[in-house]
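# Structural features, examined
This is what each chain is made of:
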Amino acid sequence: MTITADNPPAELLAVTTVTIGAESDLLRVRSTMRAYARQAGLGLTATTKVVTAGSELARNILRYATGGQGVATVQEAASGQKTGVQAVFADRGPGIADLEQAMRSGFSTAGGLGLGLPGSRRLVDEFAIDSAPGLGTRVTICQWNR
Amino acid sequence: MADESVVVRADESAAVLEDINFYYTQMIDNIADYAVMRLDNDGVIRNWHAGAQQLTQYAAQEIIGRPVAVFYTAEDVASGLVETDLHAAAKGGRHAAAGWRLRKDGTRFWASAVFTALHDLAGDAWGYGMVVRDLTHAREQELTLHGLEQLVDSIADYQVIRLDRDGRVCSWNPGAQKLTGYAAEEVLGHHVSMFYTDDDARAGVLQQELADAVRDGSTETEGWRIRKDGRRFWANVILSPIRDEQGELTGFVKVARDLTERREQERLVKQQGDEILELSTPVIQVWDKVLILPLIGTLDSGRAARLTESLLARIAADQAEVVILDISGVPQIDSGVAQHLLETVEAARLMGTDSILSGVRPDTAQSIVHLGIELGGLRSRTSLKDALQLALRLIEARAGSGNGAGDGADVRA
Amino acid sequence: MRMGQDLLVTLHGDLDDRTVESIEQNVTSEVARTRARGTLIDVSGLDVVDSFVAQVLARLVRMIRLLGAEAAIVGIRPAVAITLVELGISMPDVTTALNAEQGMARLRRMRADGMRIDHDNHC
């Protein structure tokens, strides 16, 4: 099942792939995203937001994916006059059974933080999620330079 | 306390002294607003009266025989202030001091104390007389007034001036000069109608505004005003009456700002039929710790996000502690605007800043409640002036606690 | 690091589970050992605070309070503040201040208020 917020960017340019398997990989995900965001000319707030969203999604992979394994693919994006950064977080984990529910529920206050998907979605310009039980999860986010 | 020499015959002296004692005691017992006490040479309290109990909460039996140090704060005792005060009185005969003192329950009051060195008939030191007044209220008022004056002086983008009862200008501020082009000496003592257009002056618009302000407690109007160079500007003016403690009208406070640009923009917007105003709304610093963000026009997500960013950046740069979000320029408050406001307030809180909403009109208040918008702990005020006063109190509260000893040191020159 | 009666804890760069555990141990034992009355947690060096870090902060504050001290988070950057609010984690029960100076003043105020309450209880 797919929930898509907006259309994908028209052109895809330089790409960096980060394998996610350990805590230290989160650092690489963040610094990679930061570098692309800077290159795309994103302001400080937009950068902080997209890097934070990326950190959340990468951490979800560590926590919930099978063997804590997954991949983050970060790329430059361009659409007409806009430039931006796009990141795809993919894993072959158990998948999300009730995607609607996951996209509605915020951070629970009782200690466990869940997936924090609605929060991450609010941080970025574009958000698309593909997930089904047994098929893993794939989240695509995009942040533009206005 | 001046000692009057009393010359008596030896055999009458005892009786006379008894009379004098009786009259003095009665006199002191009847003093209710001051604490008058006698200390011995070591600063131990030797007599008491109702006024002293009223001020400090101690009853006679629990205070007589205790050292005067019980009224001093721990820091003052540790720094030897008690000895300093007594010594100064002994040396100079009279010593005045001001500072924080403690009541029995530990609460503080701002005291004005006068020590007098006493001598017996033989001229030997006979302890000290001490008269103490509670000036907490007066001090607060003085500080507030001083603070407000400083505040007004530093406002460069708003005109904040005082008028007397008849509408003559009796104070000026940098914002007023910037707005109208006049320097203080050119306007003080003149009638405020000098800024009005001839048409308005003739129509008695000003008299009507002053009368309305007196009747309604405050008025907000908009209209054309004239600068020194003859150019017109569209002013948004808030006029509030000032009253003394008896409720008598003593004058007015006038806060005005230039909305020429906004008015022009609104005209263009109406022409274009486009709702979104792309103004770069400046964050105004009115004091070194208070920022005002005037929100003007409609707020879409993009603009709201930019405003929040600039506000937070200014908070960091100016180390602001209070932010006033002025919504008097927002025509319609809806859930979207409220949401942006609340998010901005929350983000500012994460940076340690308190927020105040100002410019809340009656229809705004109604909309907010009808829409079910929860402002939580966000304080709101109708006028910018009230918001500024609250901001000042918040700043003082932040600075004041735990600084009692420090304040005392400043006053005791 | 001690500042008067307050402790200053500065968080750097990237926190993972292991560093968090050692930070928690260090902070709690320092608070107990020095009997610090207040602790400032300085996050001005963090340009990203995600939900994990926010949780770490909230937990640190709780631990410090359980030890009888007060805690304040200082130095949240503007971009981080905006992000936290949009993420939906604004930690309403956590005391915050712009920098260490304002943080210490805040802790002093909280102690003064706390003392007044204690005093009232005794009188």
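Residues numbered from 1 in each chain as written. Chains lettered and ligands numbered in written order. Predicted model: local features only at pLDDT ≥ 70, side-chain atom pairs only at ≥ 80, totals over all residues.

This part covers the packing of helix α1 (residues 23-39) of chain A against helix α2 (residues 44-64) of chain A. All names here are of chain A. At a minimum axis distance of 9 Å, the contact between α1 and α2 shows a crossing angle of 150 degrees. With respect to α2, the element α1 is oriented roughly antiparallel. Of the two elements, α1 crosses α2, and the hand of that crossing is right-handed. Packed against α1, whose contacting residues are Leu26, Val29, Arg30, Met33, Arg34, Ala37 and Arg38, the element α2 presents Thr47, Val50, Val51, Gly54, Ser55, Ala58 and Arg59 at the interface. (Axes fitted to C-alpha atoms, helices over the stretch in contact; angles between N-to-C directions. Helix = DSSP H or I, 4+ residues; strand = E, 2+ residues; numbered from the N terminus. Parallel < 35°, antiparallel > 145°, perpendicular 65-115°, else oblique. Left-handed = near helix turned anticlockwise from the far one by under 90°. Contact = placed C-beta atoms within 7 Å.)

All names here are of chain A. On average, residues of chain A score 84 in pLDDT, and 85% of them are at 70 or above. Element-level mean pLDDT values for chain A span from 44 in strand β1 (residues 2-4) up to 95 in strand β6 (residues 136-144). Per-residue pLDDT stays below 50 along residues 1-12; that stretch engages in 23 contacts with residues further than four places along the chain or on separate chains. (pLDDT = per-residue confidence, 0-100.)

Right, let's get into the pairing of strand β4 (residues 70-74) of chain C. Residues and elements named next belong to chain C. When you tally the buried positions in β4, you get five out of five residues, the bulk of the element. Alternating residues of β4 divide into Glu70, Ala72 and Val74 and Ala71 and Ile73, and every residue in both groups is buried. Here strand β3 (residues 38-42) runs beside β4; their pairing, made up of five bridges, is parallel. Directly across from Ile41, in β4, lies its bridge partner Ile73. (Buried ≥ 20, exposed ≤ 12 C-beta atoms within 10 Å, placed from the backbone. Pairing = 2+ DSSP bridges.)

All names here are of chain B. Here five strands make up an open sheet; going across it, the order is β9-β10-β11-β12-β13 and the pairing mixed. Among the strands making up the open sheet, the edge pair consists of β9 (284-287) and β13 (379-381). Sheet twist, expressed as the mean angle between neighbouring strand axes with direction ignored, is 25 degrees. Summarising the sheet, β9 and strand β10 (residues 290-296) pair through three bridges and their orientation is antiparallel. If you follow Trp287 over to β10, its bridge partner there is Val290.

In this section: the interface of chain C and chain B. On the side of chain B, 19 residues touch chain C, which itself brings 17 residues to the contact. Classifying every residue of the side of chain C that touches chain B gives 11 nonpolar, four polar and two charged. (Nonpolar A, V, L, I, M, F, W, Y, C, P; charged D, E, K, R; others polar.)

This part is about the nonpolar core. Ranked by internal contacts, the top residues of the largest apolar core, which has 128 residues, are Val50 and Val85 of chain A, Val323 of chain B together with Ala81 of chain C. For this core, the element with the highest residue contribution is α2 of chain A, accounting for eight residues. The residue makeup of this core includes at least three contributed by each of domain 2 (135-258) and domain 3 (272-398) of chain B. The residues touching Val50 of chain A, leaving out its near neighbours within four places in the chain, are Met33, Ala37, Val85, Leu123, Val124, Ile141 and Gln143 of chain A. Judged by nonpolar contacts, the second largest core, of 21 residues, contains Met37, Trp48, Leu55 and Val68 of chain B. (Core = buried A, V, L, I, M, F, W, Y, C linked by C-beta atoms within 7 Å. Domains from an automatic or database assignment.)

Residues and elements named next belong to chain C. Running from amino to carboxyl end, helix α1 (residues 17-34) crosses helix α2 (residues 51-66) at an angle of 25 degrees, the nearest separation of the two axes being 10 Å. The angle between α1 and α2 places the two elements in the roughly parallel class. As for how α1 packs across α2, the hand of that crossing is right-handed. Every residue of α2 that contacts α1 at Val20, Glu24, Val27, Thr28 and Val31 is listed here: Val56, Leu60, Met63 and Ile64. For the contact of α1 with α2, the class distribution of residues is seven nonpolar, one polar and one charged.

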